Amino acid sequence: TGVNTAGFFDKDKKTFFDLLSSINEINKDFRVRISSVEPFQINDKIVNLIASNPKRFCQHWHICLQSGSDSVLEKMNRRYSISEFENLINKIRKINPNTFFTTDYIVGFPYETKDDHLKSLEFIKKIKFFDMHIFPYSKRVGTKSSNYKDIHDATKKNRFKDVATVNFVNKWDLLKSKVNQELEVIFEHKSENEKYYSGYSSEYCRVYVESDKPLENKIYKVKIIKMLSDGLLGTIVS
């Protein structure tokens, strides 16, 4: 639905929580994945509703971080601190430890120091995101930050590599944790060689299964047997 999803507010003063509650009451076979939410928009009611209804809501959140340094977040005019972000993640994981998180992240924001960068690396290691959309900062005319002194492109490139490396390790570890587990998968596509079907688990893991019968748009429980370069391989349990 785009960005700022949790900012939903309609003419009847219904909130994002009200919207999710209404969706949860629909008696159909489907599930909803929440994307691009700001941490300050997520309250306890929303957390409890999503975590307590895993058949309806995917146990995966895309929560925007942008930086793991309070100094940089302040310069970005973000409305949260890294401690508030971490508390939200911990709150969700306390209800469902199997929840996976993805995020957006900017490297090389103006005046981001080496210390800011190193602090950010430690923070994203600690949070252990399943995946990150990483962007080098680029100026946009009319924004406040476009008046700031820019960081050299070579520095941005090196910092991008650092964050991407941490992201790769985190994702690999989390995928590995799913081997020998059973995941519910909605299958979407058949591979080019027409041997495997692929889809996504509730946690946002791409899962492949070999099958002679059509699986598109169906939900199956899958036993994960091994990791692949871009996901997991499994066999259908039910």
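See the structure shown above.
Computed from a predicted structure; not experimentally measured.

1. Examining the pattern of salt bridges
- On inspection of all chains with the given rule, the structure shows 11 salt bridges.
- Its salt-bridge partner being Lys-119, residue Asp-115 comes within 3.4 Å of it at the nearest N-O pair. Placement of both Asp-115 and Lys-119 in helix H5 (residues 114-127) is noted, with a separation of 4 residues, approximately one turn of the helix.
- Judged by relative accessible area, Asp-115 falls into the partly exposed class, the value being 43%.

2. Concerning the side chain of Ser-81
- Structurally, Ser-81 can be placed in the loop between helix H3 (70-75) and helix H4 (82-95).
- Judged by relative accessible area, which is 18%, Ser-81 ranks as buried.
- There is a polar contact of 3.0 Å between the side chain of Ser-81 and the side chain of Ser-83.
- Dropping the residues within four chain positions of it, Ser-81 is found in contact with Asp-70 and Leu-73.

3. A closer look at the sheet that holds strand E9 (residues 231-236)
- Strand order in the closed barrel formed by 5 strands is E5-E6-E7-E9-E8, and the pairing between neighbours is mixed. Averaged over all pairs of adjacent strands, the angle between strand axes in this sheet comes to 55 degrees, irrespective of strand direction.
- Where strand E5 (residues 182-190) and strand E6 (residues 196-201) come together, 5 bridges link them in antiparallel fashion. In the sheet register, His-189 faces E6, and the bridge partner there is Ser-198.
- In this fold helix H6 (residues 153-176) packs onto strand E8 (219-228) and E9, with an angle of close to 120 degrees to the strand it touches most, E8.

4. Considerations on the sheet that holds strand E2 (residues 57-63)
- Read from one edge of the open sheet, 4 strands run E1-E2-E3-E4, paired in parallel fashion. Looking at strand neighbours, the two that pair on one side only are strand E1 (32-37) and strand E4 (131-136), the edges of this open sheet. Geometrically, the sheet is characterised by an average inter-axis angle of 10 degrees between neighbouring strands, direction not taken into account.
- Note: strand E3 (residues 100-107) against E4, 6 bridges, orientation parallel. Across the sheet, the residue bridging to Thr-102 is Asp-131, located in E4.

5. Side note on the side chain of Thr-5
- With respect to the helices, strands and loops of the structure, Thr-5 is situated in the segment before helix H1 (16-24).
- Judged by relative accessible area, which is 17%, Thr-5 ranks as buried.
- Among the polar contacts listed, one links the side chain of Thr-5 to the backbone oxygen of Ser-35, at a separation of 2.7 Å.
- Sequence-distant contacts of Thr-5, that is, excluding residues within four places in its chain, are made with Phe-16, Ser-35, Ser-36 and Val-37.

6. Re the packing of aromatic side chains
- The tally for this structure, following the rule as stated, stands at 9 aromatic pairs.
- On the numbers, 5.2 Å between centres and 70 degrees between planes, the contact of Phe-109 with Tyr-137 is edge-to-face. With Phe-109 in the loop between E3 and H5 and Tyr-137 in the loop between E4 and H6, the pair connects residues that are 28 residues apart, well separated along the chain.
- For Tyr-137, a relative accessible area of 8% gives the class buried.
- Taken together, the ring pairs connect Tyr-80, Phe-85, Phe-123 and Phe-129 into an aromatic cluster.
- The ring centre of Phe-30 lies 3.9 Å from the NZ or CZ of Arg-56, which sits over that ring.
- Against the face of Phe-130 rests Lys-171, its NZ or CZ located 5.1 Å from the ring centre.

What counts, and where the lines are drawn
Residues numbered from 1 in each chain as written. Predicted model: local features only at pLDDT ≥ 70, side-chain atom pairs only at ≥ 80, totals over all residues. Heavy atoms only, no water. Salt bridge = Lys/Arg side-chain N within 4 Å of Asp/Glu carboxyl O. Helix = DSSP H or I, 4+ residues; strand = E, 2+ residues; numbered from the N terminus. Buried < 20%, exposed > 50% of the residue type's maximum accessible area, 1.4 Å probe, protein only. Polar contact = N/O pair within 3.5 Å; in protein donor to acceptor, adjacent residues only side chain to side chain. Contact = heavy atoms within 4.5 Å. Pairing = 2+ DSSP bridges. Axes fitted to C-alpha atoms, helices over the stretch in contact; angles between N-to-C directions. Phe/Tyr/Trp six-rings, centres within 6.5 Å; stacked < 30°, edge-to-face > 60°. Lys NZ or Arg CZ within 6 Å of the ring centre and 35° of its normal.

Honestly, that's just the spatial picture; any functional story needs more than this.
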